[in-house]
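Okay, here's what each chain looks like letter by letter:
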Amino acid sequence: MNEHFDVIIIGTGAGGGTLLNRLAPSGKNILVLERGPFLPREKENWSYKGSFKYYSSEKMFNKDGGEIYPGFSYHVGGNTKVYGAALFRLREKDFESFRHRDGISPEWPIKYRDWENYYTQAEELFQVHGKAGEDPTEPWRAQDYPFPPISHEPRIAEVFQTLKARGLKPYPAPMGVRLNEAAMHSSPCIRCATCDGYPCMVGAKSDADVLGVRPVMDKSNVTLVTEAKVLRLLTSASGREISGVVAEVKGEPTTFTGDIVVVSCGAVNSAALLLRSANEKHPRGLANNSSGLVGRNLMKHVLGSLIAVTNAKINPSKFQKTMAINDFYWGEPGYEFPMGNIQLMGKTVMDGLVGQEAKYAPLTLEEVAKCSVDWWLTTEDLPDTRNQVRTDGDKIVIDYTENNSEPFARLNARWENILREIDSENSPKATTGYFQTKMPMHSLGHQVGTCKFGEDPKTSVLDLNCRAHDVDNLYVVDGSFFVSSGAVNPTLTIVANALRVGDHLLQRLGASDVAMQRVNGTLKTPITPQLAVA
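Because the structure is a prediction, the values reported are computed rather than measured.

Procedures and definitions
Residues numbered from 1 in each chain as written. Predicted model: local features only at pLDDT ≥ 70, side-chain atom pairs only at ≥ 80, totals over all residues. Heavy atoms only, no water. Helix = DSSP H or I, 4+ residues; strand = E, 2+ residues; numbered from the N terminus. Core = buried A, V, L, I, M, F, W, Y, C linked by side-chain atoms within 4.5 Å. Buried < 20%, exposed > 50% of the residue type's maximum accessible area, 1.4 Å probe, protein only. Contact = heavy atoms within 4.5 Å. Pairing = 2+ DSSP bridges. Axes fitted to C-alpha atoms, helices over the stretch in contact; angles between N-to-C directions. Salt bridge = Lys/Arg side-chain N within 4 Å of Asp/Glu carboxyl O.

Trainee: Summarise unusual backbone geometry; cite the residues concerned and give the values.
Mentor: The residue after Ala 361, namely Pro 362, is reached through a cis peptide bond having omega 10°. With respect to the helices, strands and loops of the structure, Pro 362 is situated in the loop between α6 (357-360) and α7 (365-371). A positive phi angle is found at Ala 287, which is not glycine, with a value near 65°.

Encoded structure:
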């Protein structure tokens, strides 16, 4: 392929897939390179054991040289094909400097007011269901969610009311699924039990493939090449421009050229690509001359699950992930430091418990599978230049030491105590169990921060438009740009940023008329499959 492109986008996840959707109406000639194929629609999509085949077995290394397997999903849509579809806005205060137990969460160069409109557009594109006004930490909104909150199934509705009766403020979790409960006969989503962590066989999860890529991939100005692993980027003699993108396409080496190159491989792989692309003008890696920060400040959240079981209460819920709690997001009386977010997760299934009888005793595995209510807890981890992605030849090294562990442990203990109190009051003779699992170091599903943005080239990799300070036509559009991680899932902020950078690129490409059509309402945004309405 000798064609020269206006824009080359590397990766089709939350950043790249969204950016493509934004740029495609401009008519500019766009090449999209995706490392993986389309994820197949097959029976294993909805099988617990079968679903693991959609995670890469790619080997990386920890700082001691030990092998780790992050389990990224390399398909069109990236990790959004298997994410949990929880789409939260960062809190307004998350964009300000704030003291945590282990240090300072730094101030962002642009604030919530600059993001609010793009958050609204991101929620429209990813068809987010929610309800404004019920979360006490919620940032201000110019308008409500585009779709109503997802209803709770009976057992979860009971838990919701019990928590409210205790003075807590649970609220409907903001979820990206293409569900129409008013007309289930025409709803793309069938509200099944295999959403969180599974690919969706019927294309009803709001992922970057279904809502970003597919609506525009048949446009004549869009070229999508799958199974194209980008190996390195080449620069001009001056080092100021990307002059070539070297990829292995179905095993064959190919070099592509474009006026603008956008790296959207995820915070780990984007940093690794820039580091692997070192040359005489960029001896420490591309975009790394001024700051030396490419790959550094890796954040991934402190994460874990808390499975609560009382054998007096069966929980037959299928789509369980409908509630979140932020009562402890900023701490609690007697503890001044932020603790984090609590949300429901996908329902525990028997296939995931086999062989763990000792862990769950005296409860049987059948009781756990039938009666569990499953919670996901997130605490902010802080940027630390020592936490980084490094490369050693073709090897990717994740050099990461956890911080902010105490608030996470406190959040777990606080939530477990609340659940114990509820169960002892409501079912004093029941057998109960509360089982905590902390995600390991190589859990990188919330990867952010490796190419942070800012105004000063000495202290940031990217400018405010996510263009590399050191390379005039290079952009990074994924979670790499984050300055801090907050304590909610990062995907919606990644999507909002891709829309924001997309508007900048439309202006740079001389397609600002497309942006103006959007502002004037004459161009529908986003380009997305419509959700059936009653």
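The rest of the description comes next.
Trainee: Mind laying out the nonpolar core, listing which residues take part and the relevant values?
Mentor: One finds Leu 233, Ile 398 and Leu 474 to be the most contacted residues of the largest nonpolar core, which totals 114 residues. Looking at this core element by element, the count peaks at nine residues for helix α9 (residues 491-508). In this structure Leu 474 touches Leu 233, Ile 242, Val 261, Val 263, Leu 274, Ala 287, Cys 466, Arg 467 and Ala 468, once residues within four positions along its chain are discounted. Ranked by size, the runner-up nonpolar core spans 26 residues in total, among them Val 159, Leu 168, Met 323 and Leu 344.

Trainee: Describe the sheet that holds strand β18 (residues 388-392), naming the residues involved and giving the relevant values.
Mentor: Pairing is mixed in the open sheet, where four strands are placed in the order β4-β3-β19-β18. Where the open sheet ends on each side, the last strands, each with one partner, are β4 (67-68) and β18. On top of the sheet, helix α5 (residues 267-276) reaches β3 (60-62), β18 and β19 (395-399); it is set at about 45° to β18, its chief contact.

Trainee: Could you give me a rundown of the pattern of salt bridges, with the residues and numbers involved?
Mentor: Any two side chains of opposite charge can pair if their charged atoms end up close together. According to the stated counting rule, one finds 32 salt bridges in the structure shown. One salt bridge connects Glu 42 with Lys 53, and the closest N-O pair in it is separated by 3.0 Å. In this pair, Glu 42 is assigned in the loop between β2 (30-33) and β3 and Lys 53 in the loop between β2 and β3, connecting sequence segments eleven residues apart. Look at Lys 53 and you get partly exposed, because its relative accessible area is 48%. Salt bridges linked by common partners bring Lys 81, Asp 207, Asp 209 and Arg 214 together as one network.

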